[in-house]
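# Breakdown of the fold
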Amino acid sequence: MREEYYNSYDLSVRDRFLQIRRFLFSAVILLSVLSLGYFLFWLGAISDEIFYEYGKVVFEPLASFLNLGDTSTNIYLNTSLMLVGAIVPISIFQYFLDKTEETMINQYKTSEEKRRRKEILEEQKSYMARFDSIRTYSICLSIDYEGIKNPISKDVKTHINNAVYDKISQILQNIEQNSKVSKSDVLIFTSHNFYNYDNVYDVLLNTLSKIKSGIEQKYSCKFIPSITTDAFSSSLNDTSIRKQHFEIQSFNFKNRALSTATFSNKYKHLKHNKYAGIPIGEYAYFTDDKMGTYELNVVYKNLAKAIS
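Since this is a predicted model, take the numbers as computed values, not measurements.

This part is about the overall build of the protein. A tally of helices and strands in the protein yields eight helices and seven strands. By the compact-globule yardstick of 19 Å for 308 residues, the protein is too spread out, its C-alpha radius of gyration being 43 Å. When its C-alpha atoms are laid out on the principal axes, the protein stretches across 135 × 35 × 35 Å. Relative to its full complement of 308 residues, the protein shows a buried share of 38%. Long-range pairs, those at least 24 residues apart, make up 70% of the contacts in the protein between residues at least 6 apart in sequence. Accessible surface, the protein: about 18,400 Å² in total, of which carbon and sulfur atoms supply 56%. When the 37 positive and 34 negative side-chain charges of the protein are each reduced to one mean point, those points stand 14 Å apart.

What follows is the structure, encoded as structure tokens:
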């Protein structure tokens with residue numbers, strides 16, 4: 001419930017009832033004073049004729065009105081008692097006034113709570129629907145090499161990666177039949193089966209681990225893999241996935257395993273946690289005078305070390 005809105009209504013109702021109470025309190029005071037005045041005047045009237053003659057100009061109109069046909073001095077005592085008696089229904093009315101005030105506030109509070117619960121339910125449905133629309137994920141892998149004694153040429157890197165990507169793509173397609181794998185200077189794996197993601201990622205890391213040691217020994221180099229995982233509703237072409245991968249790497253994120261917040265949220269929504277990663281914030285990039293951002297999670301800060 002929107003507390004500030006409820007408080008505004010609460011204060012408004014209480015203020016209106018406070019005004020009524022003040023009026024009733026003033027009425028009780030006035031009736032009490034008048035009752036006392038008529039009682040004192042009655043005492044004076046029965047004991048002093050002159051006091052009665054001078055005072056009845058003030059006290060007689062109301063007394064005569066309330067005691068039609070009676071001309072005795074008892075009308076002033078009766079009026080005093082009537083005025084006291086009028087305080088009783090006012091007191092009873094004040095009791096019901098308190099009950100009415102609390103009932104109005106509680107009814108409104110209950111109504112607001114029901115409305116807010118309905119609002120939250122709609123928000124939850126909308127939130128769930130948003131994740132249901134995310135149907136595809138992608139894993140983009142790039143591998144770089146750093147020569148220990150001599151630099152590794154671009155052609156050699158390309159040759160190694162072609163062999164590595166061929167081997168990995170065959171393995172991944174065997175465990176995920178309906179997946180798609182494309183290869184260039186990166187390997188891009190896409191699938192609709194989020195539930196098998198952990199298995200795919202396990203196999204990818206294990207395969208990289210086996211490949212890493214052999215390549216580092218053969219070529220006397222450091223094996224530097226980088227992985228980004230994303231998820232999306234509509235189909236995203238391989239060019240865009242590759243572009244995003246290298247834009248993310250431009251934040252000095254080479255040799256890391258990362259995932260976007262979109263993927264991480266969908267992944268957690270499915271009750272998976274193994275490769276959810278840790279949020280590291282939002283990063284901005286600039287292309288063609290345009291700015292965009294990536295909200296990222298880090299799965300492995302040092303991927304080469306993790307697969308070792």
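Before going further, it helps to examine helix H5 (residues 197-219). Its 23 residues place the ends of H5 32 Å apart at the C-alpha level, agreeing with the 33 Å of an ideal helix rising 1.5 Å per residue. When we look at burial in H5, the residues that qualify are Tyr197, Asp198, Val200, Tyr201, Val203, Leu204, Leu205, Thr207, Leu208, Ile211, Lys212 and Ile215. Positive backbone phi, approximately 50°, marks serine 220, located one or two places after H5.

Turning to helix H4 (residues 154-175), a few remarks are in order. Over its 22 residues, H4 extends 31 Å from the first C-alpha to the last, a length consistent with the 32 Å expected when each residue adds 1.5 Å. Within the sequence span of H4, burial applies to Ile160, Asn161, Val164, Tyr165, Ile168, Ser169 and Leu172. Buried residues of H4 fall within an arc of 160° about the axis and therefore sit on the same side. Among the exposed residues of H4, those pointing more than 90 degrees away from its buried face are Asp155, His159, Gln170 and Asn174. Considering only its buried residues, H4 is in contact with strand E1 (136-147), strand E2 (180-183), strand E3 (187-191) and H5.

Another aspect to go through is the pairing of E1. With nine of its 12 residues buried, E1 lies for the most part within the structure. Bridge count between E1 and strand E4 (residues 221-232): 12 bridges; the pairing is antiparallel. The residue bridging serine 138 from the neighbouring strand is aspartate 230, located in E4. Sheet analysis places E1 next to E3, joined by five bridges and oriented antiparallel. Of the residues in E3, the one forming a bridge with leucine 141 is leucine 187.

A cluster of nonpolar side chains, Leu36, Phe39, Leu40, Leu43 and Ile46, forms an exposed patch at the surface whose accessible area comes to about 440 Å². Tracing the backbone shows leucine 43 in helix H1 (residues 3-45). Among the residues examined, leucine 43 registers a relative accessible area of 36% and is labelled partly exposed.

Right, let's get into the confidence of the model for the protein. When pLDDT drops low, the exact placement of atoms in the prediction is not to be read closely. A residue-level look at the protein finds 95% of positions with pLDDT of 70 or above and a mean pLDDT of 88. Across residues 1-6, confidence stays below pLDDT 50; counting only partners more than four residues off in sequence or on other chains, it has 11 contacts.

Before going further, it helps to spend a moment on empty space enclosed by the protein. Considering all chains together, one arrives at one cavity of 30 Å³ or more under this definition. Taken as a whole, the largest cavity holds about 60 Å³ of empty space. The set of elements that each furnish at least two residues to the lining of the largest cavity consists of E1, E4 and helix H6 (238-249). Looking at the lining of the largest cavity, its residues break down into three nonpolar, six polar and one charged.

For the coordinates displayed, the defined rule picks out 16 salt bridges. Put simply, arginine 115 and glutamate 112 hold a salt bridge, and the shortest N to O gap is 3.1 Å. Of this pair, arginine 115 and glutamate 112 are both found in helix H3 (residues 74-132), three residues apart, which corresponds to roughly one turn of the helix. On the basis of relative accessible area, arginine 115 is assigned to the partly exposed category, the value being 25%. Ionic pairing is found between glutamate 247 and lysine 243, a salt bridge with its closest N-O pair at 2.7 Å. Separated by four residues within a single helix, glutamate 247 and lysine 243 lie in helix H6, roughly one turn from each other. Note on glutamate 247: relative accessible area 10%, which makes it buried. Among the ionic contacts, a cluster of salt bridges with common partners joins Arg14, Arg21, Asp98, Glu101 and Glu102.

The strand order across the open sheet built from seven strands is E2-E3-E1-E4-E5-E7-E6, with neighbouring strands paired in mixed fashion. In this open sheet, the two strands that pair with only one neighbour each are E2 and strand E6 (278-287). Adjacent strand axes in the sheet meet at a mean angle of 25°, parallel and antiparallel pairs treated alike. Most of the contacts of helix H7 (residues 261-269) go to strand E5 (residues 257-260), to which it runs at about 80°, and overall it touches E1, E4, E5 and strand E7 (290-300).

Scoring rules and cut-offs
Residues numbered from 1 in each chain as written. Predicted model: local features only at pLDDT ≥ 70, side-chain atom pairs only at ≥ 80, totals over all residues. Heavy atoms only, no water. Helix = DSSP H or I, 4+ residues; strand = E, 2+ residues; numbered from the N terminus. Rg over C-alpha atoms; globule rule 2.2 N^0.38 Å. Buried < 20%, exposed > 50% of the residue type's maximum accessible area, 1.4 Å probe, protein only. Contact = heavy atoms within 4.5 Å. Areas by Shrake-Rupley, 256 points an atom, 1.4 Å probe, with all protein chains shown as cover. Lys, Arg positive; Asp, Glu negative; His and termini not counted. Charge placed at Lys NZ, Arg CZ, Asp CG, Glu CD. Expected span 1.5 Å × (residues − 1). Arc of directions from axis to C-beta. Pairing = 2+ DSSP bridges. Patch = residues over 30% accessible without salt bridge, like charges linked within 9 Å, V, L, I, M, F, W, Y side chains within 5 Å. Salt bridge = Lys/Arg side-chain N within 4 Å of Asp/Glu carboxyl O. pLDDT = per-residue confidence, 0-100. 1 Å grid on protein atoms, 1.4 Å probe; cavity = no way out; pocket = protein on both sides within 12 Å on 5 of 7 lines; lining within 4 Å. Points joined across faces, edges and corners; volume = space filled by probe spheres on them. Nonpolar A, V, L, I, M, F, W, Y, C, P; charged D, E, K, R; others polar. Axes fitted to C-alpha atoms, helices over the stretch in contact; angles between N-to-C directions.

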